[in-house]
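Okay, here's what each chain looks like letter by letter:
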Amino acid sequence: MNVQQLAAALSAHFGPKVVVLASGLDGTVADLFPEERASVAHAKEKRLAEFCTGRRLAHQALERLGLPPTALPMREDRRPAWPEGVLASISHTKGVAVVVAAHKGDAELLGVDVELDQDLAEHIHRVVLTPEEQAFINAADPSRRGRLALAHFSAKECLYKAQYPVTETFLEFQDVDLTLRDAEFSGVIHKPAAAQKLPPRLDGFWVQVGGWLAAGLRKP
Ligand SMILES: CC(C)(COP(=O)(O)OP(=O)(O)OC[C@H]1O[C@@H](n2cnc3c(N)ncnc32)[C@H](O)[C@@H]1OP(=O)(O)O)[C@@H](O)C(=O)NCCC(=O)NCCS
């Protein structure tokens, strides 16, 4: 597992306007502002490390954007309460937390998702994939199907996080039609409450690097 390789690959894809930070899951409560502590008052060890590492990276990302130190408590809809003028996204999975952040003038939508680079369990395929996406995967070499399914999963999670601040709308996996290509994806959201507030198609990227599979989306 190589956190710096992951950060470098994400940074290359997101471009210079986006701050990308990644770290192993070594955060502790000492990294939190008092206002952030209530969110993990009853958290078990794993969740505590994920949350604290994510918040530490988020604080650093805001500093890189030239903003003063700011507490980022969890909102009722579970996303962090980012300061006005900032778009950002957090993801964590085994061994790593990632934060991406930008000024609103430099991004209209911003999302990231990181997963362990392993096949998506087959019983989850029909939850995540539309019939057309399933057909696309079935046409691929059998040795690639599990990873392609994981790439769909990660891209949809990334897209969900990117669209949420604009639409404040919950999406099911089946609300999104994804077209996956080598290293890129395009998503079309069908749920009207979200679709009417977004461009008709959202484009992003996906990478396999350092032991993880990650998806990213930045709409300039
Ligand atoms: C948010 C979600 C997409 C990913 O959460 P996860 O599986 O724990 O995975 P990640 O670690 O990658 O992301 C968690 C982070 O997402 C962020 N997040 C949570 N809710 C969010 C929202 N509504 N919008 C944007 N970001 C959100 C938080 O920063 C959270 O980390 P934190 O609690 O430490 O701050 C998932 O939990 C969720 O809410 N799913 C429901 C919607 C969905 O998945 N639909 C299918 C895809 S279209």
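Above: the structure in question.
Residues numbered from 1 in each chain as written. Predicted model: local features only at pLDDT ≥ 70, side-chain atom pairs only at ≥ 80, totals over all residues. Heavy atoms only, no water.

> Any chance you could explain the layout of surface pockets here in plain terms?
Size it by volume and the largest pocket reaches roughly 960 Å³. Along the walls of the largest pocket sit 36 residues, with R78, R79, P80, I90 and K161 positioned nearest its centre. Contributing elements (two or more residues each) for the lining of the largest pocket: α3 (45-64), β2 (86-93), β4 (109-116) and α6 (145-167). Take the lining of the largest pocket: its biggest share by element is eight residues, from β2. Its residues assigned to classes, the lining of the largest pocket comprises 17 nonpolar, five polar and 14 charged. Formed jointly, the lining of the largest pocket draws a minimum of three residues from each of two domains, domain 1 (3-112) and domain 2 (120-202). (1 Å grid on protein atoms, 1.4 Å probe; cavity = no way out; pocket = protein on both sides within 12 Å on 5 of 7 lines; lining within 4 Å. Points joined across faces, edges and corners; volume = space filled by probe spheres on them. Helix = DSSP H or I, 4+ residues; strand = E, 2+ residues; numbered from the N terminus. Nonpolar A, V, L, I, M, F, W, Y, C, P; charged D, E, K, R; others polar. Domains from an automatic or database assignment.)

> Please explain the site of the ligand as it appears in this structure.
Taken together, 22 residues surround the ligand, and among them R47, S91, E157, K161 and L171 come closest. Between an oxygen atom of the ligand and a side-chain N or O atom of R55, the distance comes to 2.7 Å. Separating an oxygen atom of the ligand from a side-chain N or O atom of S91 is a distance of 2.6 Å. When the ligand is considered free in solution it has 910 Å² of accessible area, and contact with the protein chains removes 81% of it. Counting atoms within 2 Å of the grid points, the majority share of the ligand lands in the largest pocket. Looking at the shell around the ligand, the elements with two or more residues in it are α3, β2 and α6. Residues belonging to the shell around the ligand are distributed by class as follows: 10 nonpolar, two polar and 10 charged. (Near = heavy atom within 4 Å. Polar contact = N/O pair within 3.5 Å; in protein donor to acceptor, adjacent residues only side chain to side chain. Areas by Shrake-Rupley, 256 points an atom, 1.4 Å probe, with all protein chains shown as cover. Sits in = over half its atoms within 2 Å of the grid points.)

> Would you mind showing me how to read the sheet that holds strand β8 (residues 212-219) here?
Backbone hydrogen bonds hold the strands of a sheet together, and the pairing may be parallel or antiparallel. Reading across the sheet, the five strands line up as β4-β8-β7-β6-β5 and stay open at both edges, with antiparallel pairing between neighbours. Looking at which strands have only one partner, the edges of the open sheet turn out to be β4 and β5 (176-181). Here the strands of the sheet are splayed against their neighbours by 20 degrees on average, with no regard to which way each runs. The sheet contact formed by β5 and strand β6 (residues 184-189) spans six bridges and is antiparallel. Note that in β6 the partner of T179 across the bridge is S186. Along the sheet, helix α1 (residues 3-14) makes contact with β4, β7 (202-209) and β8, crossing β7 at roughly 155 degrees. (Pairing = 2+ DSSP bridges. Axes fitted to C-alpha atoms, helices over the stretch in contact; angles between N-to-C directions. Contact = heavy atoms within 4.5 Å.)

> I keep staring at the pairing of β2 and nothing clicks. Help me out?
Looking along a regular strand, one sees the side chains alternate between the two faces of the sheet. Among the eight residues in β2, seven count as buried, and that is most of the element. Note: β2 against strand β3 (residues 96-103), eight bridges, orientation antiparallel. Pairing of S89 across the sheet is with V100, part of β3. Between the antiparallel neighbours β2 and β3 lie two residues, among them G95 with a positive phi of about 85 degrees. (Buried < 20%, exposed > 50% of the residue type's maximum accessible area, 1.4 Å probe, protein only.)

> How should the pattern of salt bridges be read in this particular structure?
A pair can form between side chains of opposite charge whenever their charged atoms are brought close. One pass over the structure, following the stated rule, counts 14 salt bridges. When the shortest N-O distance is used, the salt bridge between D31 and R56 registers 3.8 Å. With D31 in the loop between β1 (19-23) and α2 (34-37) and R56 in helix α3, the pair connects residues that are 25 residues apart, well separated along the chain. For D31, a relative accessible area of 22% corresponds to the partly exposed category. Here K156 ties to E133 by a salt bridge, and the two come within 2.9 Å at their closest N and O atoms. One end of the pair, K156, is in helix α6; the other, E133, is in helix α5 (residues 131-138), and 23 residues separate them in sequence. This pair shows no difference in class: K156 is buried, exactly as E133 is. A single salt-bridge network, built from bridges that share partners, covers R75, D77, R79 and E168. (Salt bridge = Lys/Arg side-chain N within 4 Å of Asp/Glu carboxyl O.)

> Can you walk me through the environment of E45 in this structure?
Its location among the elements puts E45 in helix α3. With 34 residues separating them in the primary sequence, E45 and S11 have C-alpha atoms 29 Å apart.

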